[in-house]
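If you want the building blocks of each chain, they are given just below.
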Amino acid sequence: MISLRGLTARFIAGNFGIMAFGDIYFLLALYLQDVGVTDPRTLGWILGIYFAASTITRPLTSVIIERFAFRPVMLSASVLCLASGTGVALAGTSVPLILLFRALTGFSSSLFVVGLTTYQALTVPEEVRGSSFTLASAGTIAPLVAVLPIAEWMLRHGHSFLYIWSPLLPAVLCFAVALSLPHAENFELMRGNWGTYPDIFRIPAARTLLASVVIFAMTDAVILSMGGLALEKGVLASSFISSQALTGLLIRVLGFRAMDRLPRSRIAALTFAITAASSIAVTFVNSNTGMVLWGVIYGIAMGYGFPMHLSLIGDAVPERLRPKATSLVWFFMAGCYFVSPVMTGFIARWLNFAWAFRIIYGVILLSSPFMYIRFQRSFTKSKTDIEKEF
């Protein structure tokens with residue numbers, strides 16, 4: 001029997017592996033330009049198809065997880081990561097093949113991350129669920145600090161061969177994690193009785209959680225448009241992005257136990273209120289020091305907000321609905337990474353990036369009191385009603 005500490009170590013390693021697998025490809029455009037693929041539209045499609053495939057297939061992943069046991073699903077996802085990573089490396093300059101294997105990396109990554117999150121939501125007791133998700137989610141942000149600089153160094157120093165094959169290492173880590181996961185005892189009890197997506201939307205707490213996920217994810221996706229704002233303000237985007245990433249990582253590693261004591265449903269709205277306020281505040285600064293300051297404040301809220309929303313899945317829905325609820329949470333998060341930069345770019349085209357930030361995140365900030373009230377009403381109600389209805 002593996003202890004909770006042992007399980008948490010596996011969750012950290014699994015999150016680190018699957019995020020490192022995807023994050024390394026953030027620099028794929030630099031590699032492709034080195035080998036001769038330089039058309040901006042082509043590069044855009046190659047980068048974007050990963051997120052499109054990952055987003056579209058997430059509702060399907062819950063059906064796969066419910067039909068088969070966790071270990072076979074996650075082992076298969078790991079093998080697909082290895083296969084797709086190998087395909088991208090061997091595709092050379094063939095754009096159709098690169099697109100095909102990039103889509104496969106999106107699907108395989110989605111299958112693994114939804115499987116791992118669902119497994120965690122089903123196996124970790126409620127009293128330590130918050131700290132478990134907080135500590136495990138440190139693995140999702142660590143690759144930005146530990147892996148991406150190494151990948152960039154490879155490309156800057158002419159080691160393109162090493163770079164394009166490097167995603168296979170985290171894919172192997174994912175395989176090892178999947179192989180080591182013990183059987184989920186309540187998985188067999190739920191088999192054949194997983195419920196439907198409409199069942200989720202009939203639960204007030206689930207509806208509130210999904211709305212909160214969308215709002216929070218919109219602030220999470222601010223980093224995608226930070227480059228445009230930074231160029232406009234004459235500052236470095238990395239001063240905000242790096243400071244928030246490092247702060248978020250430290251919060252999750254050093255402050256994970258606080259998540260077992262904090263009332264998650266009471267402060268979820270506070271997290272995106274702070275991230276939205278920070279996103280507005282950076283539009284008024286004109287120095288890298290100011291960007292770092294607001295990046296730190298943003299990182300504190302983001303450090304708690306992301307794992308908090310994942311851990312709320314277990315608070316909002318009964319066990320049999322958690323695979324589908326997890327898929328929906330990841331689906332909406334991924335969708336916001338598409339919507340946010342498009343919306344920001346549209347407004348910035350007519351005004352500028354500063355006003356785009358102020359309008360979008362101003363609306364989110366104003367919505368936080370309403371969401372706070374919704375959390376109090378729906379989660380209080382559902383705690384008693386779920387037992388009767390489901």
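Quick word on the overall build of the protein
Of regular secondary structure, the protein possesses 19 helices and zero strands. By its C-alpha atoms, the protein is 60 × 45 × 35 Å across when sized along the principal axes. Within the protein, the proportion of its 390 residues that are buried is 57%. For the protein, long-range pairs separated by at least 24 residues make up 86% of all intrachain contacts whose partners lie at least 6 apart in sequence. When the accessible surface of the protein is split by element, carbon and sulfur atoms take 70% of a total near 16,400 Å². Between the centroid of the 28 positive side chains of the protein and the centroid of its 18 negative side chains there is a distance of 3 Å.

Re the confidence of the model for the protein
The predicted model of the protein has a mean per-residue pLDDT of 81, with 91% of residues at 70 or higher. Confidence scores differ between elements of the protein, with helix H11 (residues 187-190) showing the lowest mean pLDDT of 49 and helix H10 (residues 168-180) the highest of 92.

Considering the side chain of Thr 105
Looking at the element boundaries, Thr 105 is found in helix H5 (residues 95-123). One polar contact links the side chain of Thr 105 to the main-chain carbonyl oxygen of Arg 102, over a distance of 2.5 Å. Every residue in contact with Thr 105, bar those within four places of it in the chain, is listed here: Phe 21, Tyr 50, Ser 84 and Gly 85.

Description of the state of the cysteines
Inspection of every chain in the model, using the stated rule, returns zero disulfides. Free of any disulfide, Cys 81 has its nearest neighbouring cysteine sulfur in Cys 174, separated by 5.7 Å.

As for H10
The end-to-end C-alpha distance of H10, which contains 13 residues, comes to 19 Å, matching closely the 18 Å that a straight helix rising 1.5 Å per residue would cover. Taken together, the buried positions of H10 are Leu 168, Pro 170, Ala 171, Cys 174, Val 177 and Ala 178.

Observations regarding the pattern of salt bridges
All told, the structure shown has one salt bridge when counted by the stated rule. Residues Asp 199 and Arg 202 are paired through a salt bridge, measuring 2.0 Å at the closest nitrogen-oxygen approach.

Brief notes about the packing of helix H1 (residues 4-23) against H10
The packing of two helices is summarised by the inter-axis angle and the distance between the axes. The contact between H1 and H10 brings their axes to 8 Å, and the two run at 150°. The angle between H1 and H10 falls in the class roughly antiparallel. For the pair H1 and H10, the crossing hand works out as left-handed. Contacts between H1 and H10 involve Arg 10, Ala 13, Gly 14, Phe 16, Gly 17, Ile 18, Ala 20 and Phe 21 from the former and Pro 170, Ala 171, Leu 173, Cys 174, Val 177 and Ser 180 from the latter.

Section: the nonpolar core
Of all hydrophobic cores here, the largest spans 107 residues; its most connected members are Tyr 163 and Met 226. When residues no more than four places from it in sequence are discounted, the contact partners of Tyr 163 are Ile 24, Tyr 25, Leu 27, Leu 28, Tyr 31, Ala 151, Met 154 and Leu 155.

Comments concerning helix H4 (residues 70-90)
Residues that lie three or four places apart on an α-helix share one face, since the helix turns once every 3.6 residues. Compared with an ideal rise of 1.5 Å per residue, which puts 21 residues at 30 Å, H4 spans 30 Å between its outermost C-alpha atoms and is within 8% of the ideal. Listed in full, the buried residues belonging to H4 are Phe 70, Val 73, Met 74, Leu 75, Ala 77, Ser 78, Cys 81, Ser 84, Gly 85, Gly 87, Val 88 and Ala 89. Two residues or fewer past H4, Gly 92 is found with a positive phi of approximately 65°.

Some thoughts on the side chain of Thr 57
Inspection of the secondary structure assignment puts Thr 57 in helix H3 (residues 40-67). Among the residues examined, Thr 57 registers a relative accessible area of 15% and is labelled buried. A polar contact of 3.5 Å, which involves the side chain of Thr 57, links it to the backbone oxygen of Ser 54. When near neighbours in sequence (up to four residues on either side) are disregarded, Thr 57 contacts Phe 107 and Ser 110.

A short note on the environment of Thr 55
Its place among the elements puts Thr 55 in helix H3. On the accessibility criterion, Thr 55 (13% relative accessible area) is buried. Along the primary structure Thr 55 and Gly 87 are separated by 32 residues, whereas in three dimensions their C-alpha atoms are 21 Å apart. Sequence-distant contacts of Thr 55, defined by excluding residues within four places in its chain, comprise Phe 331, Ala 334 and Gly 335.

Overview of the environment of Ala 9
Within the secondary structure, Ala 9 sits in helix H1. Assessed through its relative accessible area of 43%, Ala 9 is described here as partly exposed. Counting along the chain gives 188 residues from Ala 9 to Tyr 197, while the straight-line C-alpha distance between them is 31 Å.

So, the environment of Ala 205
Mapped onto the secondary structure, Ala 205 falls in helix H13 (residues 204-220). Between the C-alpha atoms of Ala 205 and Val 147, which are 58 residues apart in sequence, the distance is 37 Å.

Focus on a nonpolar patch on the surface
Where nonpolar side chains cluster on the molecular surface, the patch consists of Phe 346, Trp 350, Leu 351, Trp 355, Ile 359 and Val 363 and spans about 700 Å² of accessible area. Counting only elements with at least two residues in the nonpolar patch, the list comes to helix H18 (322-350) and helix H19 (353-389). No other element matches H19, which puts three residues into the nonpolar patch. When you line up the elements, Trp 350 lands in helix H18. A relative accessible area of 63% means that Trp 350 is categorised as exposed.

How each quantity is defined
- Residues numbered from 1 in each chain as written.
- Predicted model: local features only at pLDDT ≥ 70, side-chain atom pairs only at ≥ 80, totals over all residues.
- Heavy atoms only, no water.
- Helix = DSSP H or I, 4+ residues; strand = E, 2+ residues; numbered from the N terminus.
- Buried < 20%, exposed > 50% of the residue type's maximum accessible area, 1.4 Å probe, protein only.
- Contact = heavy atoms within 4.5 Å.
- Areas by Shrake-Rupley, 256 points an atom, 1.4 Å probe, with all protein chains shown as cover.
- Lys, Arg positive; Asp, Glu negative; His and termini not counted.
- Charge placed at Lys NZ, Arg CZ, Asp CG, Glu CD.
- pLDDT = per-residue confidence, 0-100.
- Polar contact = N/O pair within 3.5 Å; in protein donor to acceptor, adjacent residues only side chain to side chain.
- Disulfide = S-S within 2.5 Å.
- Expected span 1.5 Å × (residues − 1).
- Salt bridge = Lys/Arg side-chain N within 4 Å of Asp/Glu carboxyl O.
- Axes fitted to C-alpha atoms, helices over the stretch in contact; angles between N-to-C directions.
- Parallel < 35°, antiparallel > 145°, perpendicular 65-115°, else oblique.
- Left-handed = near helix turned anticlockwise from the far one by under 90°.
- Core = buried A, V, L, I, M, F, W, Y, C linked by side-chain atoms within 4.5 Å.
- Patch = residues over 30% accessible without salt bridge, like charges linked within 9 Å, V, L, I, M, F, W, Y side chains within 5 Å.

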